[in-house]
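Each chain, letter by letter, is given below.
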Amino acid sequence: MPERTQKLAIYLIKAQAQTYDDAFRSPRELQPVRLKAESGVIGAIYTRRSSIGRPKWRSFLEEGADGDLSHLISASAAAVLMVESAGRLFAVCFGYGNTFLRDDMVERRFGLKVALNSVIPEKIRSVDLQQFDDITTITVAQASRATSQDTFGLDVQRDVMRAVTGEVSDKTFATRLTGRDALVVQAKVEFAGIPSKCAEALHRYRMDTYRQHFAWVDHLAQVRDTAQVRALDERLIQVIKTRAFDKLHLAPPRLIDYEKVLGFRYPGERKTKDLHIDLDITDYISSRPADQDWTLDALKGQKIRAYYDEDTAADSFSVYSSAVFETKEANKTYVLSFGEWFEVADGYVDDIERRLAALEEDAALPLPVSYIDEREGDYNARAANAPNADLALMDQKLVRIGGDPIEVCDLLSLTGDLIHVKRKLASGSLSHLFAQGVNSADALLFDPALRQQAVAHLPASHKAVLDRALSGGDVRVIYAIITKSADPIKTALPFFSKQSVVNAAERLRRMGVSVALRKILAVDRPVAIAA
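Residues numbered from 1 in each chain as written. Predicted model: local features only at pLDDT ≥ 70, side-chain atom pairs only at ≥ 80, totals over all residues. Heavy atoms only, no water.

All right, on to the overall build of the protein then. Of regular secondary structure, the protein possesses 15 helices and 29 strands. Across the protein, the fraction of contacts at a sequence separation of at least 24, relative to all contacts at a separation of at least 6, is 67%. Element-wise, carbon and sulfur atoms account for 49% of the exposed surface of the protein, whose accessible area totals about 25,600 Å². (Helix = DSSP H or I, 4+ residues; strand = E, 2+ residues; numbered from the N terminus. Contact = heavy atoms within 4.5 Å. Areas by Shrake-Rupley, 256 points an atom, 1.4 Å probe, with all protein chains shown as cover.)

Of note in this structure, Arg109 is not a glycine but carries a positive phi near 65 degrees. Here Arg109 lies in the loop between β7 (88-95) and α2 (110-116). Not every positive phi belongs to a glycine, and Asn388 is a case in point at roughly 60 degrees. Relative to the helices and strands, Asn388 is located in the loop between α10 (376-385) and β23 (391-393).

To summarise the sheet geometry, strands pair through backbone hydrogen bonds and adopt either a parallel or an antiparallel arrangement. Strand order across the open sheet formed by five strands is β13-β20-β19-β18-β14, with antiparallel pairing between neighbours. One side of each edge strand has no neighbouring strand; the edge strands of this open sheet are β13 (220-222) and β14 (248-250). In this sheet, neighbouring strand axes are inclined to one another by 20 degrees on average, regardless of whether the strands run parallel or antiparallel. Alignment of β13 against strand β20 (residues 340-344), held across three bridges, turns out to be antiparallel. Across the sheet, the residue bridging to Leu220 is Val344, located in β20. (Pairing = 2+ DSSP bridges. Axes fitted to C-alpha atoms, helices over the stretch in contact; angles between N-to-C directions.)

This paragraph deals with the packing of helix α9 (residues 346-357) against helix α15 (residues 495-510). Closest axis-to-axis distance for the α9/α15 pair is 9 Å, and the angle between their directions is 55 degrees. As far as their axial angle goes, α15 and α9 are oblique. Relative to α15, α9 is oriented so that their crossing is left-handed. Between α9 and α15, the contacting residues are Tyr348, Val349, Ile352, Glu353, Arg355 and Leu356 on the first element and Phe495, Lys498, Gln499, Val501, Val502, Asn503 and Glu506 on the second. Residue composition of the contact of α9 with α15, by class: seven nonpolar, two polar and four charged. (Parallel < 35°, antiparallel > 145°, perpendicular 65-115°, else oblique. Left-handed = near helix turned anticlockwise from the far one by under 90°. Nonpolar A, V, L, I, M, F, W, Y, C, P; charged D, E, K, R; others polar.)

Moving on, we come to the sheet that holds strand β16 (residues 303-307). Read from one edge to the other, the open sheet built from three strands follows the order β15-β16-β17, with strand pairing classed as antiparallel. Edge positions in the open sheet fall to β15 (263-265) and β17 (313-318), since each of these has one partner strand only. The mean inter-strand angle of the sheet, taken between neighbouring strand axes irrespective of direction, is 30 degrees. Where β16 lies against β17, five bridges are found, and the strand directions are antiparallel. Bridging across to β17, Lys303 finds its partner in Ser318.

Looking now at the packing of aromatic side chains. For the structure shown, the criterion picks out nine aromatic pairs. Seen from their ring centres, Phe24 and Tyr46 are 4.7 Å apart, and the 45 degrees between their planes marks the pair as tilted. Here the residue Phe24 occupies a position in the loop between β1 (4-12) and β2 (31-34), and Tyr46 occupies one in strand β3 (residues 43-47), the gap between them amounting to 22 residues. Take Phe24 and Tyr46: they sit in the same class, and that class is buried. Taken together through their ring pairs, the aromatic side chains of Tyr20, Phe24 and Tyr46 make up a single cluster. The aromatic ring of Tyr320 is capped on one face by Lys300, whose charged end is 5.0 Å from the ring centroid. (Phe/Tyr/Trp six-rings, centres within 6.5 Å; stacked < 30°, edge-to-face > 60°. Buried < 20%, exposed > 50% of the residue type's maximum accessible area, 1.4 Å probe, protein only. Lys NZ or Arg CZ within 6 Å of the ring centre and 35° of its normal.)

Among the structural elements, Gln302 can be located in the loop between α7 (296-301) and β16. The exposure class assigned to Gln302 is buried, which follows from its relative accessible area of 11%. Side-chain polar atoms of Gln302 contact the side chain of Tyr284, separated by 2.5 Å. One polar contact links Gln302 to Gln292, side chain to side chain, over a distance of 3.3 Å. Discounting residues that sit within four places of it in the chain, Gln302 has contacts with Pro267, Tyr284, Arg288, Gln292, Phe317, Ser318 and Val319. (Polar contact = N/O pair within 3.5 Å; in protein donor to acceptor, adjacent residues only side chain to side chain.)

Turning our attention to the pattern of salt bridges. Within this structure, the stated rule accounts for 28 salt bridges. A salt bridge links Arg204 to Glu200; its shortest N-O distance comes to 2.8 Å. Here Arg204 and its partner Glu200 are both found in helix α3 (residues 194-205), four residues apart, which amounts to about one turn of the helix. Several salt bridges converge on common partners, so that one network encompasses Arg25, Asp103, Arg108 and Asp181. (Salt bridge = Lys/Arg side-chain N within 4 Å of Asp/Glu carboxyl O.)

Bringing the nonpolar core into the picture now. Leu412, Leu466, Tyr479, Phe495, Val501 and Leu508 are the most contacted members of the largest nonpolar core, which totals 49 residues. Those elements giving two or more residues to this core turn out to be β20, α9, α11 (427-446), α12 (448-457), α13 (463-466), β28 (476-483), α15 and β29 (514-523). The greatest single-element share of this core, amounting to eight residues, is contributed by α11. Core analysis: the second largest hydrophobic core is formed by 34 residues, Val41, Val119, Val168 and Ala174 among them. (Core = buried A, V, L, I, M, F, W, Y, C linked by side-chain atoms within 4.5 Å.)

Let's shift gears to the side chain of Ser500. Counting through the fold element by element, Ser500 comes out in helix α15. By relative accessible area, Ser500 is classed as buried at 12%. Once you skip the residues sitting within four places of it in the chain, Ser500 turns out to touch Ser431 and Phe434.

A grouping of Trp57, Phe60 and Leu61 is seen on the molecular surface, where their side chains present a nonpolar patch of about 370 Å² in accessible area. Considering the arrangement of structural elements, one finds Phe60 in helix α1 (residues 58-62). Given a relative accessible area of 61%, Phe60 falls into the exposed group. (Patch = residues over 30% accessible without salt bridge, like charges linked within 9 Å, V, L, I, M, F, W, Y side chains within 5 Å.)

All right, on to the environment of Ala469 then. Mapping Ala469 onto the fold places it in the loop between α13 and β28. When its relative accessible area of 64% is taken as the criterion, Ala469 is described as exposed. Each C-alpha atom, one on Ala469 and one on Pro448, is 7.4 Å from the other, the two residues being 21 residues apart in sequence. Each residue touching Ala469, except ones within four places of it in the same chain, is listed here: Arg451 and Asp474.

Keep in mind these values describe shape, not function.
In structure tokens:
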């Protein structure tokens, strides 16, 4: 038969599969169909009997229809063609055939790597991105015409590319393709040509030419192999059981307004229990019964509650989604954040650590210790009023950029230090802090009207610091982070916070603005001044 344009969704099955059945969730529910010997294809077709029925919405329409709607029926047809080629096993899925496959037997990012090695970099049609910052966001961006990756506003330091669609230079391989876990190709092919199409895809999967234009996609990758996730979750449970908390802490999985939230209660804590002003892994462990059975189900089922007042829970989230954990397995770095696991390329980890080490730490900056039960706003006010501090309080004194309110800083020194203060609570809240430092510095340097708004909030003693045209050398951004950790601040930061701060520092340096970190130790309040 002549070749015709066919859409193929090709999955690469892991090499550990010994039989075709190993690739399927429920092989006994599938009906295998042998292939014609003359096809030259080694493999088999697997189907499930299709059911024909009435769609659920038909009865709703029949309530108002003055006529027969019995012809409205639905059917779900699906098939998987298993193909042996180039020493590997492939699954070519039709309809909903991909639902037949076991998640842990599919090579993740197979299609993505093939696509990145095949598309013309200047002729991308769409990208599917996942970004990590204050919250996890997923974005699918499409272009009206084929264009380069720059058009999509990619942030190579924060974006995880999940899929890409584009045009291919080699039209004999495909006219257009999309790559995720599956490789979806539109190509002229006859049935007998499918093995060679799979072999060509495998060859492209093993290439590394994508690194010329898309090297950044290897920085971060979501772990979606169920067996690997299970092993990493078991590592988390083991760390909890052994109380090895140096790389594990708790943080809200979404941005929390700490000016409104009074504190938190752990699972099972009654309203008579005082609120915890901060989340702390040791406090959580202490709140649980001595015979607590530490399992994944327990971490996912137990809820931490955030309170706007002593009695009313304003939000809740699972302990598992609140866990921020870093671990190394088989010389690879993995991070649990927002309830999802990520693999971080070793070279990228080294690069972030190198850039972080170059950041200044200003231990001499005259900032007092914080009390563990002290709210951020109260700390800022106390720091501003400390003897010989020479700091102006700017916390909650908002200025506007195009209608959007921002804080210039929390504290301003006479020497032009823009001090931004935050508790080390979460990668998300710290990322917000780091972005605020960049945005406020940019506005002060280049927006005279906003600068005058800021000057209006300052006491007479500090007006001269900002009441003039500013250059980058006139100000310095200080990220002051409150933490109970005894570790140096650069060690205590979660990985995604390290990533965020070095990227913020790079943007500030381009403006000519210097950057420094400052650790503020959180300690118990002295008894004599206990609240």
